[in-house]
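Secondary and tertiary structure notes
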Amino acid sequence: MKLHFDVPGDDFTRAGEASGQVKQKMKQLGFPADVVRKVSIALYEGEINMVIHAGGGEVDVDIDPHCISLLLTDHGPGIEDVSLAMQDGWSTAPDHVRNLGFGAGMGLPNMKKYSDEMEIESTVGVGTTVRMKIFNP
Amino acid sequence: MEYLDADLLYGEELLDHEVHTACGSDMMSDVLAFVKDQAVLLTGLINPQSIRTAEMMDMTCIVFVRGKEPAPAVVELAEEKGICVLRTQHPMFAACGILYSHGLRGGGHI
Ligand SMILES: Nc1ncnc2c1ncn2[C@@H]1O[C@H](COP(=O)(O)OP(=O)(O)OP(=O)(O)O)[C@@H](O)[C@H]1O
Ligand SMILES: [Mg+2]
């Protein structure tokens, strides 16, 4: 099953809607709670990143009984040094974002942790694509 | 949960729910980093993302510390997600201490 979501960049309060809907759908389909949670958290962190760092983007989810594929695409500023961005605690988030509860620099590490496969492609000035896979054994 | 002198903002019917574990943070990704089946989130963050974080973590209850009043839309979102919302005047450290002294733990290894 394929799902598509537009993630608006100007409304921080709505970030997480896609993850919420995917979570609900997967529960309905009877996926185990831990798999649902891995998908929800990985997608939620990705969604938040698109909103706070990239002015929004798009989410494509492909739910297959044994594998959930997540594709997050944005046309934001891109990430200059992906391996640096992947480090625990590394963040460029400004203070106003920190006051919203984000900017600990743990989002990408969390995505890596909860997904079974993760790939980031990013070009400065063009945008960022994140692909994640979570398996349902 | 009355140990916290907390006001109930939503979730009367959820109150009987027994909880054993909690975590406290104002940084959502820190909360999301460790899944240990925590049931309660204590936070000073009163925007909708605190509710969504609890949702993604399958938490059943949020406690807003330092007497902060969330916007009605935030409580509505909790209602939609079936998450109980409390507010206490205690600051974070004290609220966590009170719950800890009444037997709540960090979760995971018991
Ligand atoms: N989609 C994106 N577009 C541009 N930059 C990004 C994107 N995602 C992440 N980054 C960059 O990578 C850094 C690290 O991201 P990460 O999600 O780990 O931490 P954070 O978003 O800053 O804080 P947290 O996720 O803990 O709230 C960000 O501060 C930002 O500079
Ligand atoms: Mg992030």
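About the cut-offs
Residues numbered from 1 in each chain as written. Chains lettered and ligands numbered in written order. Predicted model: local features only at pLDDT ≥ 70, side-chain atom pairs only at ≥ 80, totals over all residues. Heavy atoms only, no water. pLDDT = per-residue confidence, 0-100. Phe/Tyr/Trp six-rings, centres within 6.5 Å; stacked < 30°, edge-to-face > 60°. Helix = DSSP H or I, 4+ residues; strand = E, 2+ residues; numbered from the N terminus. Buried < 20%, exposed > 50% of the residue type's maximum accessible area, 1.4 Å probe, protein only. Arc of directions from axis to C-beta. Near = heavy atom within 4 Å. Polar contact = N/O pair within 3.5 Å; in protein donor to acceptor, adjacent residues only side chain to side chain. Areas by Shrake-Rupley, 256 points an atom, 1.4 Å probe, with all protein chains shown as cover. Nonpolar A, V, L, I, M, F, W, Y, C, P; charged D, E, K, R; others polar. Contact = heavy atoms within 4.5 Å. Core = buried A, V, L, I, M, F, W, Y, C linked by side-chain atoms within 4.5 Å. Patch = residues over 30% accessible without salt bridge, like charges linked within 9 Å, V, L, I, M, F, W, Y side chains within 5 Å. Salt bridge = Lys/Arg side-chain N within 4 Å of Asp/Glu carboxyl O. Lys, Arg positive; Asp, Glu negative; His and termini not counted. Charge placed at Lys NZ, Arg CZ, Asp CG, Glu CD.

In this section: the confidence of the model for chain B. For chain B, the mean per-residue pLDDT works out to 88, and 95% of the residues sit at or above 70. This complex was scored by the predictor with a pTM of 0.94 and an ipTM of 0.91.

Attention now moves to the packing of aromatic side chains. Residues and elements named next belong to chain A. Considering all chains together, one arrives at 1 aromatic pair over all chains under this definition. Seen in terms of ring centroids, Phe12 and Phe102 are 5.9 Å apart; in terms of plane orientation they differ by 75 degrees. Their pairing is edge-to-face. One end of the pair, Phe12, is in the loop between β1 (2-8) and α1 (17-28); the other, Phe102, is in the loop between α4 (95-98) and α5 (107-114), with 90 residues separating them in the sequence. Accessibility assignment for this pair places Phe12 and Phe102 in one class, buried.

Attention shifts here to helix α4 (residues 92-101) of chain B. Residues and elements named next belong to chain B. All of the buried residues in α4 are Met92, Ala95, Ile98 and Leu99. Looking down the long axis of α4, one finds its buried residues gathered within 135 degrees of arc, a one-sided arrangement. When the buried face of α4 is taken as reference, the exposed residues oriented beyond 90 degrees from it are Phe93 and Ser101. Note on α4: the residue one or two positions beyond its end, Gly103, has a positive phi of about 100 degrees.

What follows covers the site of ligand 1. Close to ligand 1 lie 22 residues, the nearest being His53, Ser91, Thr92, Gly103 and Met106 of chain A. Mapping the residues near ligand 1 onto chains gives chains A and B. Contacts to ligand 1 include Leu108 of chain A, whose backbone N or O atom sits 2.9 Å from an oxygen atom. Contact with the protein chains covers 96% of the free accessible surface of ligand 1, which is 600 Å². Among the secondary structure elements, those contributing two or more residues to the shell around ligand 1 are α2 (33-54) and α5 of chain A. It is α2 of chain A that provides the largest number of residues to the shell around ligand 1, a total of 4 residues. Residues that form the shell around ligand 1 fall into these classes: 10 nonpolar, 10 polar and 2 charged.

All names here are of chain B. Inspection of the secondary structure puts Leu42 in strand β3 (residues 40-43). Sequence separation between Leu42 and Arg87 is 45 residues; the distance between their C-alpha atoms is 9.5 Å. When near neighbours in sequence (up to four residues on either side) are disregarded, Leu42 contacts Ala22, Cys23, Gly24, Ser25, Val63, Val65, Met92, Ala95, Cys96 and Leu99.

Take the nonpolar core next. Residues Met26, Val61, Ile68 and Leu70 of chain A are the most contacted members of the largest nonpolar core, which totals 58 residues. Here the element with the most residues in this core is α2 of chain A; it accounts for 10 residues. Discounting chain neighbours no more than four positions away, the residues touching Met26 of chain A are Phe31, Val35, Val36, Val39, Ile63 and Ile68 of chain A. Core analysis: the second largest hydrophobic core is formed by 17 residues, Ala39, Cys84, Met92 and Leu99 of chain B among them.

Before going further, it helps to examine a negative patch on the surface. A cluster of like negative charges, contributed by Glu12, Glu13, Glu76 and Glu79 of chain B, occupies part of the molecular surface. With respect to the helices and strands, the residue Glu12 of chain B is situated in the loop between β1 (7-10) and β2 (22-24).

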